[in-house]
Every structure is written in C-alpha cells, then in structure tokens.
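What follows is each chain in one-letter form.
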Amino acid sequence: MSAQSSKQGTPSAVGTEFAGCVDLAARGLGAGVVAASDDLFAERENLIAPGRPVFDPTRFGPRGKVYDGWETARRRDGGHDFAVVRLGTPGIVQGVVVDTSWFRGNYPPYVSAEAAWVDGYPSPGELLASDWQTIVARSPASGDTENVYRVDDGRRWSHVRLSIYPDGGVARLRVPGLVVADPRFLEGTVDLLAVENGGRAVECSDAFYAAPQNLIAPGRARHMGEGWETARRRDAGNDFVVFALAGQGVVRHLEVDTTWFVGNAPGWVRVSTADDPAGEWRELVPRMAVRPDTRHRLLTPDAHPATHLRLDVYPDGGLSRLRAWGELTPTGLAAAQARWIATAAR
C-alpha cells in the first residue's frame, strides 16, 4: 500500500494511476452506504454520490454548515468513526481514494480501509461482526485533497469500510478496482459487454468529452454526458473503442444506442470481434448508417466465439450505450469460475 495526494483544483492522479479500473463504490453500479457510526452533520450517502463535491459558503442548516459529503460530530471518547460501503459488484480493490474536498478545518488527519467478503444481503449488525481485513493501514490524510492510496491485494471483496481518526468529514469515497463477476450469474444469455459482468474498455482512439467505459455502464443514459463522445475529427480517419468481453462468448444481438446524441451521433458504425485482439478480426456488423437519438437493435447470426469486440464510428461522434447479448462458451464460463475461486478471500 502506498499513498499520495493531489491538491484540490489540480489534475488528480486517479485517472492515470488506476487506468482500466472501475469505481466499485459507484452509486451507478449499485453500491450503497449501509452503515456508519455517525453522520450528524452530513449524511453518509453523500460519500458515493456521483460527480465532484460542491460547496456553498452561505448554506447553513439546523445542525451547522451544510457540506456535500459525510461529516461526523466531534468525538470526546477516544474512539473513531467509520462508514461501510456495499460495493456495486464483487471486485479486486486496486486503490482507495478519500476525497476531502472543501473539508479544511474538519477533515480526519488519519484514515484506514478494511474489506470483507460477505455473500448475500447481510444486515448492518451481521456486517460489522464479519471478518474485516486491512487493505489500507492507518495513514495520514490531508484536507481539501484527493488522498490516493494504492492497494496490492488479489482477493475479491463485497464490502469496504472507511475508518477515520478520530472524526471529521470526507466528501467522496472512490474504490477503483477490477470486477470479478459471480459465474452463477453468467450462465445463459447475458450482456457480454456489461461492466458488472466483467466487460471493460481496453483501447480507445479518443475520449475528449466522455469516457468509453460509459458505453457499458448499467441502465440507460440519463443525458449525453453519460455516454462516450469524441472530439470533432479534422482528418480522414475514424474513432474506435476496443472492449474485452466478460469472457469468451458468442454475441447473438447488439444494441447500438445513440439516445441523446442529436447533432453529434456518428454517421456510420462498424462492429468486429476477435478471439485474440492481436490476431484476426472478423466483421460482425458491416459498416452501416445509424440514426441520431435512436436505439438500434441488430441481430448477429454469423457470430464466432470471441474475447474482444471493436466498435468503429465514422468519422467521430458519440453514443450512449453499447450492448452485446450472448452466451459464454464452455471455455469462457470455466475461466470465470476459475477466477472466482482463485480470488476468494481466505
């Protein structure tokens, strides 16, 4: 485990240091704050709110200054506070980001993080009695800063506990990591691209306006900013994204969704798959025209087993979602089962 900090208002190291990871504690992935020792000044649920924290210096409530984060009362008993987050999907934690933005005189000077694996839907009491393992030892934290702590641990977890010493406020908690999909939910027809099933973006030509990982996020996009959008091209090329599928599988039909992209959807798209991204790519959907603000559903009767999928857009533009419905091959399912066993907490 190592730590570093980035000052408020400067580029954060999170994006580059945890490239290829998803935020396992994202509300949009299904995460929730299921327990906290105290949240007298600011609610615990704010810890996993989307977006950057905001601050209004004039806003006060009946309990004091209103913060966009989680803030506890001042402790006088020698103890410390904590909050427990149910991860949106099981995963291997690669880091913990404790964002204390706007907390300048009331941030915790030290933090730690613990993780646990608990199957099913335990009560808060059952969770607190679980076997918690330290993934970030008690470490210094700075105020008004994204405090970044790397984690070197190959086990999968279902819950993370943030401990703060002794008390104070934290604006956001991010848990970058790698999804480890439960193979029991990968049998039959599934979205082979979905992030909760283990799909991930591995290469992208451009992400000027929004990240390609948004294409495989859960649910429908609520606005254009929740999709993927490139800058306007001024050359003869085209933009693309390459995804790793949940495992080796056969795609039965696709959804290419340009919802919300009215004047900036691609003119055309093309989809290819490969069983080895360094080898031969097979055309799954030939270059075809797409319509703005439209959910396109496309059958793929000639699909072959593949581990990767490539979306080409011509010449540029944005989409809100991409889905690839199909089944894992026996080889793909066996690999998912082996990874599940190998990453079990012991």
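Residues numbered from 1 in each chain as written. Predicted model: local features only at pLDDT ≥ 70, side-chain atom pairs only at ≥ 80, totals over all residues. Heavy atoms only, no water.

Some remarks on the overall build of the protein chain
Part 1 of the argument: Counting its secondary structure elements, the protein chain contains three helices and 25 strands.
Part 2 of the argument: A globule of 346 residues ought to have a C-alpha radius of gyration of about 20 Å, and the protein chain, at 22 Å, matches this closely.
Part 3 of the argument: Overall, the protein chain is about 70 × 45 × 30 Å in size when its C-alpha atoms are taken along their principal axes.
Part 4 of the argument: Each of the 346 residues in the protein chain was classed as buried or not, and the buried ones make up 51%.
Part 5 of the argument: Here the contacts in the protein chain between residues at least 6 apart in sequence split such that 79% fall between residues at least 24 apart.
Part 6 of the argument: If you sum the accessible surface of the protein chain, you get close to 15,900 Å²; carbon and sulfur atoms cover 52% of it. (Helix = DSSP H or I, 4+ residues; strand = E, 2+ residues; numbered from the N terminus. Rg over C-alpha atoms; globule rule 2.2 N^0.38 Å. Buried < 20%, exposed > 50% of the residue type's maximum accessible area, 1.4 Å probe, protein only. Contact = heavy atoms within 4.5 Å. Areas by Shrake-Rupley, 256 points an atom, 1.4 Å probe, with all protein chains shown as cover.)

Some words on helix α3 (residues 330–342)
Part 1 of the argument: Here α3 contains 13 residues, and its C-alpha end-to-end distance of 18 Å stays within 8% of the 18 Å for a straight helix at 1.5 Å per residue.
Part 2 of the argument: Looking at α3, one finds that the buried residues are Gly 332, Leu 333, Ala 336 and Trp 340. The buried residues of α3 occupy an angular sector of 100° when projected down its axis, which confines them to one face. α3 presents Pro 330, Thr 331, Ile 341 and Ala 342 as exposed residues on the side facing more than 90 degrees away from its buried surface. (Expected span 1.5 Å × (residues − 1). Arc of directions from axis to C-beta.)

Some words on the packing of aromatic side chains
Part 1 of the argument: Scanning all chains against the criterion turns up five aromatic pairs.
Part 2 of the argument: Taking the centre distance of 5.7 Å and the plane angle of 40° together, the rings of Phe 55 and Tyr 67 count as tilted. Linking Phe 55 in the loop between β3 (32–36) and β4 (60–61) with Tyr 67 in the loop between β5 (64–65) and β6 (70–71), this pair joins segments that are 12 residues apart in sequence.
Part 3 of the argument: Among the aromatic residues, those joined into a ring-pair cluster are Phe 55, Tyr 67, Trp 102 and Phe 103.
Part 4 of the argument: Seen from the ring of Tyr 110, Arg 138 lies directly overhead, with NZ or CZ sitting 4.9 Å from the centre. (Phe/Tyr/Trp six-rings, centres within 6.5 Å; stacked < 30°, edge-to-face > 60°. Lys NZ or Arg CZ within 6 Å of the ring centre and 35° of its normal.)

A look at unusual backbone geometry
Part 1 of the argument: Tyr 165 connects to Pro 166 through a cis peptide bond whose omega is -10°.
Part 2 of the argument: As for its placement among the helices and strands, Pro 166 is situated in the loop between β12 (156–165) and β13 (169–170).
Part 3 of the argument: Residue Pro 315 is bonded to the preceding Tyr 314 through a cis peptide linkage, with omega at -15°.
Part 4 of the argument: Its location among the elements puts Pro 315 in the loop between β23 (306–314) and β24 (318–319).

Concerning the pattern of salt bridges
Part 1 of the argument: Applying the stated criterion to the full structure yields 22 salt bridges.
Part 2 of the argument: For Asp 153, the salt bridge identified is with Arg 155, shortest N-O distance 2.7 Å.
Part 3 of the argument: In this structure, the salt-bridge partner of Arg 222 is Glu 226, at a minimum N-O distance of 2.5 Å.
Part 4 of the argument: Residue class for Glu 226 comes out buried when judged on its relative accessible area of 17%.
Part 5 of the argument: Overlapping salt bridges, with partners in common, bring together Arg 220, Glu 255, Asp 257 and Arg 295 in one network. (Salt bridge = Lys/Arg side-chain N within 4 Å of Asp/Glu carboxyl O.)

A look at the nonpolar core
Part 1 of the argument: Counting 64 residues, the largest nonpolar core has Val 93, Val 96, Ile 135, Phe 243, Leu 254, Leu 309 and Leu 311 as the members making the most contacts within it.
Part 2 of the argument: The greatest single-element share of this core, amounting to seven residues, is contributed by strand β19 (residues 239–257).
Part 3 of the argument: Core analysis: the next-biggest nonpolar cluster, separate from the first, contains seven residues, Ala 35, Val 84, Ala 116 and Leu 127 among them. (Core = buried A, V, L, I, M, F, W, Y, C linked by side-chain atoms within 4.5 Å.)

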